[in-house]
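Below, each chain spelled out in residue letters.
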Amino acid sequence: MNTREMFAKAVDGGYAIPAFNFNNMEQLQAIIKACAETKSPVILQVSSGARKYANQTLLRYMAEGAVEYAKELGWEHPQICLHLDHGDTFELCKSCVDFGFSSVMIDGSSLPYEENIALTKKVVEYAHQYDVTVEAELGVLAGVEDDVVAEESHYTKPEEVIDFATRTGCDSLAISIGTSHGAYKFKPEQCTRDPKTGKLVPPPLAFDVLEEVEKKLPGFPIVLHGSSSVPQEYVDIINTHGGNLPDAVGIPEDQLRKAAKSAVCKINIDSDSRLAFTAAVRKVLAEKPGEFDPRKYCGPARDEMVKLYKHKIIEVLGSDGKAE
Ligand SMILES: [Zn+2]
């Protein structure tokens, strides 16, 4: 399904739909299991990095298989959207629409304003012919996510959003209010340090910008990218089992919970599941050096991701029970 109905309900209900990226079978199984057990709608995201890694055709059919898998798990009416994450050209978005994706993102946020509008409008006009919904972006996020790299970030300008949404016809809008891609969302000099634990404490999100955007576009679906919280327990497991992730830091979950209650109705989480996977794999390999069957470490990694996704759905997004 596309995102239209999902978002309308989420805006009304004061919760957010999880948007989880997937690159492999274990990750997809974990997402579907967590959503089936909590009856949460879900957006499965495919980034350009995922397409290069796993092949677009294979991912498309995996997503189709996921719907059947969800039903096998006892989820009678699964609400699953297949979404292109960070499409950067009209051609890529068109190919995903033609290929059966139910939603696409066109990310023209690095372009000058008028060019972003022109590109987004072109994608919207094509996608809407096939009832495919379109996410656009205004403002620039910092951080690194697959092919998306930005050195400089700037907040979305609330005075632009009405003009942008009206002229492009986009269905949802990703905005920049201080979230960031990757596991290193902030430089140590942007943070303070907790005197007890020595861990970095990130700067707060710009809720004033979010509130201004909401005032300009009441009820319009807003999207947050780069919203992993980088759980320190995973960072610690990784670092004590041969890893090296110094000062990895994310967005505190209480801030995301607050955002989910507002017009934010899609929250993208990717790095946290990478951390859960890596922590579980490192632990098994460190504790059982003789292990060489990938199922013996990918299995625990999958279990850990199920736990993580359920936690996000229930404790952060509030989307549990919304797709009975
Ligand atoms: Zn993103």
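Above this text you will find the structure in question.
Conventions used here
- Residues numbered from 1 in each chain as written.
- Predicted model: local features only at pLDDT ≥ 70, side-chain atom pairs only at ≥ 80, totals over all residues.
- Heavy atoms only, no water.
- Pairing = 2+ DSSP bridges.
- Helix = DSSP H or I, 4+ residues; strand = E, 2+ residues; numbered from the N terminus.
- Axes fitted to C-alpha atoms, helices over the stretch in contact; angles between N-to-C directions.
- Contact = heavy atoms within 4.5 Å.
- Buried < 20%, exposed > 50% of the residue type's maximum accessible area, 1.4 Å probe, protein only.
- Right-handed = clockwise from strand over helix to strand, strands pointing away.
- Donors = N, O, S within 2.8 Å, 3.2 Å for Na, K, Ca; no water.
- Phe/Tyr/Trp six-rings, centres within 6.5 Å; stacked < 30°, edge-to-face > 60°.
- Nonpolar A, V, L, I, M, F, W, Y, C, P; charged D, E, K, R; others polar.

What to know about the sheet that holds strand β5 (residues 133-138)
The eight strands are arranged β1-β2-β3-β4-β5-β8-β12-β13 in a closed barrel whose pairing can be described as parallel. On average, each strand axis in the sheet is inclined to that of its neighbour by 25°, with strand direction left out of account. Looking at chain direction, strand β1 (residues 17-21) and strand β13 (residues 264-269) are connected through four bridges and run parallel. When the bridges of β13 are listed, P18 appears paired with I267. Here helix α6 (residues 113-128) sits on the sheet in contact with β4 (103-106) and β5, set at roughly 175° to β5.

Looking at the pairing of strand β3 (residues 80-87)
A large share of β3 lies buried, amounting to eight of its eight residues. By the bridge criterion, five bridges tie strand β2 (residues 42-46) to β3 in an arrangement that is parallel. The partner of I43 across the bridge, within β3, is C81. Pairing geometry for β3 and β4, over three bridges, is parallel. Bridging from a neighbouring strand, H83 pairs with S103 of β4. For the crossover that starts at β3, traverses helix α5 (residues 90-98) and ends in the parallel β4, the hand is right-handed.

Description of the coordination of the zinc ion
Donor atoms from the polypeptide that bind the zinc ion are H86 (NE2), H181 (NE2) and H225 (ND1), placed at 2.0 to 2.2 Å. Linear spacing of the donor residues for the zinc ion on their chain is H-x94-H-x43-H. Placement of the pair is H181 in strand β9 (residues 180-181) and H225 in the loop between β12 (222-224) and α9 (232-240), with a sequence separation of 44 residues. H225 gets classed as buried once you look at its relative accessible area, which sits at 1%.

Side note on the packing of aromatic side chains
A complete count under the given rule lists four aromatic pairs for this structure. Ring geometry for F90 and Y126: centres 5.9 Å apart, planes at 80°, overall edge-to-face. Placement of the pair is F90 in helix α5 and Y126 in helix α6, with a sequence separation of 36 residues. A single burial state applies to F90 and to Y126, both of which are buried. Considering the side-chain rings of Y126 and Y130, the 5.2 Å spacing of their centres and the 45° angle between planes classify their relative orientation as tilted. On the basis of relative accessibility, which here comes to 45%, the residue Y130 falls in the partly exposed class. Aromatic ring contacts, followed pair by pair, group F90, Y126 and Y130 into a single cluster.

Focus: the pairing of β2
Most of β2 sits inside the fold, with five of its five residues counted as buried. Burial along β2 is two-sided: the face carrying V42, L44 and V46 and the face carrying I43 and Q45 are both buried. By the bridge criterion, three bridges tie β1 to β2 in an arrangement that is parallel. Note on β2: the bridge partner recorded for A19 is I43. On the question of chirality, the crossover connecting β1 to the parallel β2 by way of helix α2 (residues 25-38) is right-handed.

Some details on the packing of helix α10 (residues 253-260) against helix α12 (residues 294-317)
It is the contact of α10 with α12, at a shortest axis distance of 9 Å, that shows an interaxial angle of 65°. In this structure, α10 contributes E253, L256, R257 and A260 to the contact, and α12 contributes H311, K312, E315, V316 and L317. For the contact of α10 with α12, the class distribution of residues is four nonpolar, one polar and four charged.

Quick word on the environment of P202
Secondary-structure assignment places P202 in the loop between β11 (200-201) and α8 (207-216). Relative accessible area serves as the criterion here: at 12%, P202 is assigned to the buried category. It is 7.2 Å that separates the C-alpha atoms of P202 and G250, two residues lying 48 residues apart in sequence. Setting aside anything within four residues of it in sequence, one finds P202 in contact with F186, C191, V249, G250 and P252.

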